[in-house]
Amino acid sequence: MFNALEFEAIWLTLRLAATVTLLLLLISTPIAWWLARTNSVFKAPVAALVALPLVLPPTVLGFYLLLAMGPEGPVGRLTESLGIGLLPFSFWGLVIGSMFYSLPFVVQPIQNAMEAIGDRPLEVAATLRASAWDRFFTVVLPLSKPGFVTAAVLGFAHTVGEFGLVLMIGGNIAGETRVVSVAIYDHVEAMEYAQAHGLSAVMVLFSFVVLLALYVFQRNRNSAGLTYGR
Amino acid sequence: MAVENDSANNDTTSISVQLAWSPKGWPSNDALLDVSAAISGRGVTAIYGSSGSGKTTLLRCIAGLERAQEGYVSVKGELWQDSNCFRPVHKRPIGYVFQEASLFSHLTAEQNLNYAIRRSDKPVSDDYFLRVISTLEIESILPQYPHQLSGGERQRIAIARALLIQPSLLLMDEPLASLDESRKDDILPYLEKLSADFELPILYVSHSLKEVSRLADYVLVLEGGRIIDEGTVKDVFSKMGTALVPESEQGVILEGELVERDEKWNLVRFQSSGGSLWIGDQGHRLGAQVRIRILARDVSLSLVDNVDSSILNRLPVTVSAISLPDNASQATIQLKFGEDHLLAQITTRSLEHLALIPVKALWAQIKSVAVVR
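Residues numbered from 1 in each chain as written. Chains lettered and ligands numbered in written order. Predicted model: local features only at pLDDT ≥ 70, side-chain atom pairs only at ≥ 80, totals over all residues. Heavy atoms only, no water.

1. Section: the overall build of chain A
The criterion, for reference: Here a strand is any run of E in DSSP of at least two residues, a helix any run of H or I of at least four, and the numbering for each starts at the N terminus. The rule is simple: take the accessible area with a 1.4 Å probe, protein chains only, and divide by the maximum for that residue type; under 20% is buried, over 50% is exposed, in between is partly exposed. A contact between two residues is defined here by any heavy atoms of the two lying within 4.5 Å. Note that His is not counted, nor are the chain ends; the positive residues are Lys and Arg, and the negative ones are Asp and Glu. In this description, the location of a charge corresponds to atom NZ of lysine, CZ of arginine, CG of aspartate or CD of glutamate.
In terms of regular secondary structure, chain A is built from 11 helices and 0 strands. For chain A, the N- to C-terminal ordering of α and β elements is α-α-α-α-α-α-α-α-α-α-α. For chain A, the spread of C-alpha atoms along the three principal axes comes to 65 × 45 × 25 Å. Sorting the 230 residues of chain A into buried and exposed places 44% on the buried side. When contacts within chain A are restricted to residue pairs at least 6 apart in sequence, those whose partners lie at least 24 apart make up 72%. Taking the 12 positively charged and 13 negatively charged side chains of chain A as two groups, their mean positions are separated by 18 Å.

2. Remarks on the packing of aromatic side chains
Cut-off, in case you're wondering: Pairing of aromatic rings covers Phe, Tyr and Trp, the last through its six-membered ring, and needs centres within 6.5 Å; plane angles under 30 degrees mean stacked, over 60 mean edge-to-face, and all others mean tilted. Only when the NZ of Lys or the CZ of Arg is both within 6 Å of the ring centre and within 35 degrees of the ring normal is a charge said to sit over the ring.
All told, the structure shown has 11 aromatic pairs over all chains when counted by the stated rule. On the basis of an interplanar angle of 15 degrees and a centroid distance of 6.1 Å, the ring pair of Trp133(A) and Phe137(A) is categorised as stacked. Here Trp133(A) and its partner Phe137(A) are both found in helix H7 (residues 132–143), 4 residues apart, which amounts to about one turn of the helix. For Phe137(A), a relative accessible area of 48% corresponds to the partly exposed category. Measuring from ring centre to ring centre gives 5.1 Å for Tyr48(B) and Phe237(B), while their planes differ by 90 degrees; the resulting arrangement is edge-to-face. Of this pair, Tyr48(B) sits in strand E3 (residues 44–48) while Phe237(B) sits in helix H8 (residues 233–237), and the two are 189 residues apart along the sequence. With relative accessibility at 1%, the residue Phe237(B) sits in the buried group. An aromatic cluster is present here, built from Trp33(A), Trp133(A), Phe136(A) and Phe137(A) joined pairwise through their rings. We note Arg92(B) situated over the ring of Phe86(B); from NZ or CZ to the ring centre the distance is 4.8 Å. For the cation-ring pair, Arg119(B) lies above Tyr115(B), with the distance from its terminal atom to the ring centre recorded as 3.6 Å.

3. Considering empty space enclosed by the protein
Stated precisely, the cut-off is as follows: Here a cavity denotes grid points, spaced 1 Å and computed from the protein atoms alone, that fit a 1.4 Å probe unable to get out, and a pocket denotes an open set having protein on both sides within 12 Å along at least 5 of 7 lines; residues with an atom within 4 Å of a point are the lining. Grid points are joined across faces, edges and corners, and a volume is the space filled by probe spheres set on the points. Each residue gets one of three labels, nonpolar for Ala, Val, Leu, Ile, Met, Phe, Trp, Tyr, Cys and Pro, charged for Asp, Glu, Lys and Arg, and polar for the others, Gly among them.
This structure, assessed with the given rule, holds 2 cavities of 30 Å³ or more. By volume, the largest cavity is sized at about 70 Å³. What lines the largest cavity is simply Val124(A), Thr127(A), Leu128(A), Gly95(B), Tyr96(B), Val97(B), Phe98(B), Ser102(B), Ala158(B), Arg161(B) and Ala162(B). Those elements that place two or more of their residues in the lining of the largest cavity are helix H6 (120–127) of chain A together with strand E6 (94–97) and helix H5 (151–164) of chain B. Within the lining of the largest cavity, the residues separate by chemical class into 7 nonpolar, 3 polar and 1 charged. Estimated volume of the second largest cavity: approximately 30 Å³. What lines the second largest cavity is simply Leu258(B), Val268(B), Ile279(B), Gly280(B), Asp281(B), Gln282(B), His284(B) and Val371(B). In the lining of the second largest cavity, the residues fall into 4 nonpolar, 3 polar and 1 charged.

4. Brief notes about the domain arrangement of chain B
All names here are of chain B. Short version of the rule: Domain boundaries shown here were taken from an automatic or database domain assignment. Put simply, buried area is how much 1.4 Å-probe accessible surface two parts lose in total, over both of them, once they are put together. The rule for a salt bridge is simple: a side-chain nitrogen of Lys or Arg has to be within 4 Å of a carboxyl oxygen of Asp or Glu. Polar contacts, as used here, are pairs of N or O atoms within 3.5 Å; protein pairs need one atom able to donate a hydrogen and one able to accept it. Residues neighboring in sequence count only if both atoms are side-chain atoms.
When the domains of chain B are assigned, the result is domain 1 (5–237) and domain 2 (247–371). If you look at the interface, domain 1 gives 9 residues, while domain 2 gives 7 residues. When the two sides are added together, the surface that domain 1 and domain 2 hide from each other amounts to roughly 630 Å², 47% of it contributed by carbon and sulfur. There are 1 salt bridge connecting domain 1 and domain 2. Taken together, domain 1 and domain 2 are joined by 3 residue pairs in polar contact (both at pLDDT 80 or more). When residues of the side of domain 1 that touches domain 2 are traced back to their parent elements, those giving at least two are helix H7 (209–215) and H8. It is H7 that provides the largest number of residues to the side of domain 1 that touches domain 2, a total of 4 residues. When the residues that make up the side of domain 1 that touches domain 2 are grouped by side-chain class, the tally is 5 nonpolar, 1 polar and 3 charged.

5. Side note on the packing of H5(B) against helix H6 (residues 181–197) of chain B
All names here are of chain B. The following threshold applies: For helices, the fitted line uses only the C-alpha atoms of the stretch in contact; every axis is such a line through C-alpha atoms, and the angle between N-to-C directions lies from 0 to 180 degrees. Every angle not falling under 35 degrees, over 145, or within 65 to 115 is termed oblique; those three ranges are roughly parallel, roughly antiparallel and roughly perpendicular. Left-handed describes a crossing in which the near helix is turned anticlockwise from the far one by less than a right angle; the clockwise case is right-handed.
Between H5 and H6, whose axes approach to 10 Å, the crossing angle comes to 15 degrees. With respect to their mutual orientation, H5 and H6 come out roughly parallel. Crossing of H5 over H6 shows right-handed handedness. Residues Gly 152, Gln 155, Arg 156, Ile 159 and Leu 163 of H5 lie in contact with H6, whose contacting residues are Arg 183, Ile 187, Tyr 190, Leu 191 and Leu 194.

6. Quick look at the pattern of salt bridges
For the structure shown, the criterion picks out 25 salt bridges over all chains. Arg178(A) is paired through a salt bridge with Asp186(A); the nearest N and O atoms lie 3.4 Å apart. According to the relative accessible area criterion, Asp186(A) is partly exposed, its value standing at 25%. Residues joined by salt bridges that share partners form a network here, namely Arg120(A), Glu123(A), Arg60(B), Glu66(B) and Glu100(B).

7. Here's the deal with unusual backbone geometry
Phi angles above zero are rare outside glycine, and Arg129(A) is one such case at about 75 degrees. For Arg129(A), the position within the fold is in the loop between H6 and H7. Of note in the backbone geometry, Lys76(B) takes a positive phi value of approximately 50 degrees without being a glycine. Following the sequence through the fold, Lys76(B) ends up in the loop between strand E4 (70–75) and strand E5 (78–81).

8. Some words on the sheet that holds E4(B)
All names here are of chain B. This is how the line gets drawn: Here, any two strands with at least 2 DSSP bridges between them count as paired.
In spatial order, the strands read E2-E1-E4-E5; together these 4 strands make up an open sheet with antiparallel pairing. In the strand order of this sheet, the two ends are held by strand E2 (33–39) and E5, each with one partner. Pairs of neighbouring strands in the sheet enclose a mean axial angle of 15 degrees, with direction left out of account. Note that E4 and E5 share 3 bridges and pair antiparallel. By the bridge assignment for E5, Ser 74 is matched with Leu 79. Packed on one face of the sheet, helix H2 (residues 55–63) meets strand E1 (15–21), E2 and E5 and runs near 115 degrees to E1.

9. Observations regarding H7(A)
Here is the rule we go by: A helix is expected to reach a length of 1.5 Å times the quantity of its residues less one. Picture the helix axis, draw a direction to every C-beta atom, and the arc is the one those directions span.
Taking 1.5 Å per residue as the helical rise, H7(A) with its 12 residues ought to reach 16 Å, and the 15 Å between its terminal C-alpha atoms agrees with that figure. Inspection of H7(A) places Arg135(A), Phe136(A), Val139(A) and Val140(A) among the buried residues, and these make up the whole buried set. Buried residues along H7(A) cover an arc of 125 degrees about the axis, so they all sit on one side. Its buried side turned inward, H7(A) meets helix H1 (4–37), helix H5 (91–117) and H6 of chain A together with helix H3 (109–118) of chain B.

10. Here's the deal with the environment of Thr13(B)
Residue and element names in this part refer to chain B. Checked against the element boundaries, Thr 13 lands in the loop between helix H1 (5–9) and E1. For the pair Thr 13 and Gly 77, spaced 64 residues apart in sequence, the C-alpha separation works out to 7.1 Å. The contact partners of Thr 13, leaving out residues within four places of it in the chain, are Gly 41 and Lys 76.

Spelled out as structure tokens, the structure:
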């Protein structure tokens, strides 16, 4: 049904989404925890920055990242001086771009779940001799588990679905940056509608199954802070 | 606020608290809660007051859950807070039972207990663990998750969890308030046993006269963030004209021992420092220390001993004080009964008829006695 190039695109897409999701879960956890607990004046600006990719056209995000990671940009100079080379049009460049792009989809469900815990379980843990770190690992993380599941699913699915940003900073290199959405665009450009249909159908099916699984999960948990996307 | 550190700091048996607390952004210099108290290091001390009196805030300040702007807290010779130091909650040797069920919902009852055991101040011996489990009778519900338990069961687990941390002070914030009446009566007997069985001083916050008179030895009365009265439960709640109990519930608490049983009529004789009374036998063993409550409206007065009356308890007393509110039809008479006092509520007409004045001797007829504990 699919040729080798198409399988390569599917495999690349999954690899990209898995990498991005994993890294985002690590980065988003402290951000979400800080946003959930702080009374700082910086809370609103940071929350707005995190949410920015929700409203910006991916091309805008991609454009600035391209400049920053390019040979004249600050990130580009840094990566070159570290001997890593330039990130645009590489897999890791895509990973970084996608992390910005999917950040709100991972931070917000975790933040919602952490806010829903409230003060009480933390106070209880403190009266049971649990230090701040102990409380975080034994109370906050387990109680926000549903938020992490939602965050992982949304982060993964959203990364699979990106297109504009990939085109801006990834281009169209087989096995390196040509993900499924770009491959579909290629097929359409080349008037290969049958192949475009095949990949598109896989995307529709995948997205539906993922969202269905998520909503069934949320319904069964039926707890606060999980109704993301409804 | 004057802080006298030196004298209190050396006291290794009691709890010394001086706290001034206001919420963030409080406009006045006058602290919302301003309390200075020396609390016994043994037995149950109740912090009694209506809602909004600051009793929960006081308890939270002692626990370190709330940080008093000015404060001095020293417990059994250990300094927890003064102007230079503030020991964080998790380093204070306390157990805390919250008002509503506060079990970790992601853990079973047993895992909730293990959470405390792993962090206990000293290793939990099997013997101690079994004693906690059997005192609170929770063995059969250990495998359940909190949402599968009733409110009363959850609170028993929460109490067990607080005991398993092996604290040197147990703080309880209205642990029964979230339960319905019959559940409260289920848990009260467990609470009664705690302080004595575990040799643990308890601070018990409550607005319920019933709970306080049953559980506490000593009581601090809080109103508007200030301590307005303190003393033994017997003294505080036996005062004439106290605003702590409604008019119709005025009365006295007496403490004494059960010394004689009358099998035929199912009565036991209660002996206090004031004298003795026959009360209904509720199955207490002879020699038991009990606390009884006699309401002022259940006491009537007579100049002679009515031997032909149906009233069983007729006691020789003398008038020690008379409270006569303006324009009222009822007067309250305080009566000296040996070392103790009784209160009687009579009409002002009877007051004049009997020509009552202080030190006049007469007979008090007690219609009903409630055993508080």
